[in-house]
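An overview of the molecular structure
Single-letter residue listing:
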Amino acid sequence: IGIGLLLVEYPGYGRSSGTPSQKSITATFVGASDALVSREDVDPSRIVLVGRSLGGGAVCALAR
């Protein structure tokens, strides 16, 4: 149906290495966003950011 999904795992959670902090989580989200918008098959104007709980802060930082 033409929908893609990118799930970002926070540093120190799941299988990710690193230590969770506001700075490391924001940096991870920015890196994921940069990778996504650099793809030729992605229209940046159609990206929707969604965050839940801890992800809400990361999404707000990225949107800023």
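Up top is the structure.
Attention here is on the structure that accompanies the text. Everything numeric here is computed off the predicted structure, so don't read it as measured data.

Take the packing of helix α1 (residues 22-37) against helix α2 (residues 54-63) next. The description of two helices packed together rests on the angle between their axes and the distance between the axes. As a packed pair, α1 and α2 sit with axes 9 Å apart at the nearest point and diverge in direction by 60°. Relative to α2, the element α1 is oriented oblique. α2 is crossed by α1, and the crossing has right-handed handedness. Between α1, through Ile25, Thr26, Phe29, Val30 and Ser33, and α2, the contact on the second element is made entirely by Leu54, Ala58, Val59, Ala61 and Leu62.

Helix length check: α1, at 16 residues, gives a terminal C-alpha distance of 22 Å against a target of 22 Å (1.5 Å per residue), a fit within 8%. Within α1 the residues assigned to the buried category are Ser24, Ile25, Phe29 and Ala32. Take α1 and look down its axis: the buried residues cluster within an arc of 135°, on one side only. Projecting away from the buried face of α1 at angles above 90 degrees are the exposed residues Gln22, Lys23 and Ala27. Here the buried face of α1 lies against α2.

Below, the discussion takes up the nonpolar core. The biggest cluster of nonpolar side chains holds 5 residues, and these are Tyr10, Ile25, Phe29, Ala58 and Val59. Where this core is concerned, the elements lending two or more residues are α1 and α2. Beyond its immediate chain neighbours, meaning those up to four positions away, valine 59 contacts Phe29, Leu49, Val50 and Gly51.

Given two aromatic rings, one states the distance between the centres and the angle between the planes to describe the pair. Under the definition given, this model contains 2 aromatic pairs. Seen in terms of ring centroids, tyrosine 10 and tyrosine 13 are 5.6 Å apart; in terms of plane orientation they differ by 75°. Their pairing is edge-to-face. Here tyrosine 10 falls in the buried class, since its relative accessible area comes to 16%. By the ring-pair criterion, three or more aromatic residues cluster together here, those being Tyr10, Tyr13 and Phe29.

Rules of the game
- Residues numbered from 1 in each chain as written.
- Predicted model: local features only at pLDDT ≥ 70, side-chain atom pairs only at ≥ 80, totals over all residues.
- Heavy atoms only, no water.
- Axes fitted to C-alpha atoms, helices over the stretch in contact; angles between N-to-C directions.
- Helix = DSSP H or I, 4+ residues; strand = E, 2+ residues; numbered from the N terminus.
- Parallel < 35°, antiparallel > 145°, perpendicular 65-115°, else oblique.
- Left-handed = near helix turned anticlockwise from the far one by under 90°.
- Contact = heavy atoms within 4.5 Å.
- Expected span 1.5 Å × (residues − 1).
- Buried < 20%, exposed > 50% of the residue type's maximum accessible area, 1.4 Å probe, protein only.
- Arc of directions from axis to C-beta.
- Core = buried A, V, L, I, M, F, W, Y, C linked by side-chain atoms within 4.5 Å.
- Phe/Tyr/Trp six-rings, centres within 6.5 Å; stacked < 30°, edge-to-face > 60°.

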